[in-house]
Amino acid sequence: MRRLAYTPGIIVFVVVLLLGDKAHAVPPFAMQTGQPCTACHIGAFGPQLTPLGRAFKIGGYTQTGGQGWQSHFPLAAMFLGSFTNTGQSQPDPAAVHFGRNNNFAADQISLFLAGRVTDYAGGFVQGTYSGIDGSFKLDNTDLRLTTPLDLGDTDLRLGLSVNNGPTVQDPYNSTYAWIFPFASSALTVTPTAQPLLAGGLIGNSIGTTVYGWYDRSLYLEAGLYNTYGPSLLSATGQAYGPGSTANPAPYVRVAYEWNWSGQSAHVGGLFLHSNFNPAVGPFSSDGSFGHDSFTDYAIDAGYQFLGNRTYVVTTDAILVHEDQNLRGTFGMGGAARTGHSLNQARASLSFFYKDTYGLTLGIENTWGTPDPVLYAPAPVTGSANGKPNSNAFIVEADWIPFGKQDSWAAPWVNLKLGLQYTLYTRFNGGTRNYDGFGRNAGGNNTLYAFAWLIF
Amino acid sequence: MPRTERTIASPTGGSNGLVATPCVAYLQHVGRTALAAIVVFASSPPAHAQDADAGKQVFRSQCSICHSAQPGRTIVGPSLFGVVGRHSGSVPGFHYSNANRQSGLTWDPSTLDRYLTSPQQVVPGTLMTFPGLHDPKQRANVIAFLKGLH
């Protein structure tokens, strides 16, 4: 029964970690390249990348152009503060030292180490202190070696990335590490069921991938991921998601992009397969009953209208199908059967005016096979009908007063103020009394107001 | 950066004090002819040895992140195939800034040299956020490379 009680907590914890820690434009990159944040990021703040931002990332963060000592200064800091209101108070405090509702928080304080090392090496490392639980963790990390190959009329960029989670290294805005919403409350409740790609290996694993970018159009990447050992998990402030990898998890990414006059589009696909020893604690797993295996297949796409940057429209989408074999969890009594599937579709549409005012609409729909044990009733996080199905609509309004080329103290001061509302029409399988303890899906509707500062 | 005109002005130097012997006259004639050829050839290029191969490397490391050298290929900025001699804002279908369209520039080597030194100063409001190539030799080389894109 310990397993039953622990699993939802783990999943929610992982989702909270995933949703709250997306890195954005950092001043060292702007100083290194001599270009404003808007050159590489939509809305001056990111993390949405423009075609130039993608090329910079794929190029290993090595592009130069800046002058003076500032162009070699690799440090930046970030502060994210917020207010969270949920439609219905939670039965217990949202976190230690917080109330059941209407919480102000210093969500994150991060330090970035970012920049070019040589013409062929660069990286990005983020360390984050959480004001929610008082922990420090190693956040998004992506270290690269790259080189261009001249193929005559075209070129081929080859690279190697060492990173801490599938899609952290991805250059497109339609994959999980970088998809909308870019900031979310860590003091609310999110749907329990999430595919592995959504973050089960982000932050708690290390992966090495190799990639090629042919003719600035065809992007191919493949690699392997392994979860940290318990000591490294503890040292980096992370925890197991579904469990510890029993063997290296293969990851494959394919994408093709088109760029034309002020516009850009891409389509792609992802594959991730992993065998886990199921987690039985933050730093412990148990494979004695067998492994849990997850195989994710995803297709994604995106489009950007950049024009002359007065009006910018972007849209991104991803559809994931996951096959699950939960032999280990079943053996421990955590599931009623081994074979499952889970699907998720996410899409967003954003509009920015002069990189200053933004409005983004998002949708997240999850559905899959039911299991009365895996998705058991429990207050707030459980499911009364044993279904993983959830549906959310998200709207966010942003104001970015600082962060543009002509902003005060550019590029060292970047500020984004946002107001986000998440509306659930279904949560963990139901709309009314979804958890079996009287809570409605609308009770988790969340108003999240935030101030995001990078300097 | 020293401009071509200034550099080539120096050797012309006016009177050199030589007596106008036939030989000297011939040499002067050759010199004037050579000078005329230099002026024609380099009426605009920067006064640095131009190395198109080196310029290609500069192009790859500094320009190709946004510009293609292939005809008709847009990446972030317009293709630079045939850019030398082209009027600003003239690639069909490319979404130029008003500033670029209305700048009235012709991308001859001299203008390119000024522009590449600091794009924002030559065309205030351009969407090209690249801060510029501050090394005159790099500019000369990359312009030499661009001149070959025809």
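This report concerns the structure included in the present document.

### Structural notes on the overall build of chain A
- When helices and strands are counted, chain A shows 6 helices and 18 strands.
- For chain A, the residues scored as buried account for 60% of the 455 residues in total.
- Looking at chain A alone, contacts between residues at least 24 apart form 68% of all its contacts between residues at least 6 apart.
- As displayed, chain A offers around 16200 Å² of accessible surface, 65% of which is attributable to carbon and sulfur atoms.

### Examining the overall build of chain B
- A count of helices and strands for chain B gives 7 helices and 0 strands.
- Along chain B, helices and strands appear, N-terminal first, in the series α-α-α-α-α-α-α.
- Looking at chain B residue by residue over its 150 residues, the buried ones come to 41%.
- Within chain B, counting contacts between residues at least 6 apart in sequence, those at least 24 apart form 51% of the total.
- Of the roughly 7700 Å² of accessible surface on chain B, a fraction of 61% belongs to carbon and sulfur atoms.

### Re the environment of F29 of chain A
All names here are of chain A.
- For F29, the location among the structural elements is in helix α2 (residues 27-33).
- Overall, F29 belongs to the buried group, its relative accessible area being 13%.
- Spatially, the C-alpha atom of F29 lies 6.1 Å from that of G115, the residues being 86 residues apart in sequence.

### Comments concerning the environment of G127 of chain A
Residues and elements named next belong to chain A.
- Note that G127 resides in strand β3 (residues 121-130).
- As a C-alpha pair, G127 and L113 span 14 residues in sequence and 8.5 Å in three-dimensional space.
- Excluding its chain neighbours within four sequence positions, the residues that come into contact with G127 are I109, S110, L111, F136, K137 and D139.

### Focus on the nonpolar core
Residues and elements named next belong to chain A.
- In this structure, V26, F29, F124, Y219 and W452 are the most contacted members of the largest nonpolar core, which totals 34 residues.
- Secondary-structure elements contributing two or more residues to this core are α3 (37-40), α4 (51-58), β1 (75-86), β2 (103-118), β6 (205-214) and β18 (446-454).
- With residues near it in sequence (within four places) discarded, F29 still touches F56, Y61, A114, G115, G123 and F124.
- Core analysis: the second largest hydrophobic core is formed by 22 residues, L197, L270, L374 and Y375 among them.

### Quick look at the packing of aromatic side chains
All names here are of chain A.
- Tallying each qualifying case throughout the model produces 26 aromatic pairs over all chains.
- Aromatic side chains Y61 and F124 sit 6.5 Å apart centroid to centroid with 25 degrees between the ring planes, which places their arrangement in the stacked category. Of this pair, Y61 sits in the loop between α4 and β1 while F124 sits in strand β3, and the two are 63 residues apart along the sequence. By the burial criterion, Y61 is buried, and F124 matches it.
- Look at F450 and W452: their rings are 5.9 Å apart centre to centre, the planes differ by 80 degrees, and that puts the pair in the edge-to-face class.
- Aromatic ring contacts, followed pair by pair, group F29, F56, Y61, F112 and F124 into a single cluster.

Rules used in this analysis
- Residues numbered from 1 in each chain as written.
- Chains lettered and ligands numbered in written order.
- Predicted model: local features only at pLDDT ≥ 70, side-chain atom pairs only at ≥ 80, totals over all residues.
- Heavy atoms only, no water.
- Helix = DSSP H or I, 4+ residues; strand = E, 2+ residues; numbered from the N terminus.
- Buried < 20%, exposed > 50% of the residue type's maximum accessible area, 1.4 Å probe, protein only.
- Contact = heavy atoms within 4.5 Å.
- Areas by Shrake-Rupley, 256 points an atom, 1.4 Å probe, with all protein chains shown as cover.
- Core = buried A, V, L, I, M, F, W, Y, C linked by side-chain atoms within 4.5 Å.
- Phe/Tyr/Trp six-rings, centres within 6.5 Å; stacked < 30°, edge-to-face > 60°.

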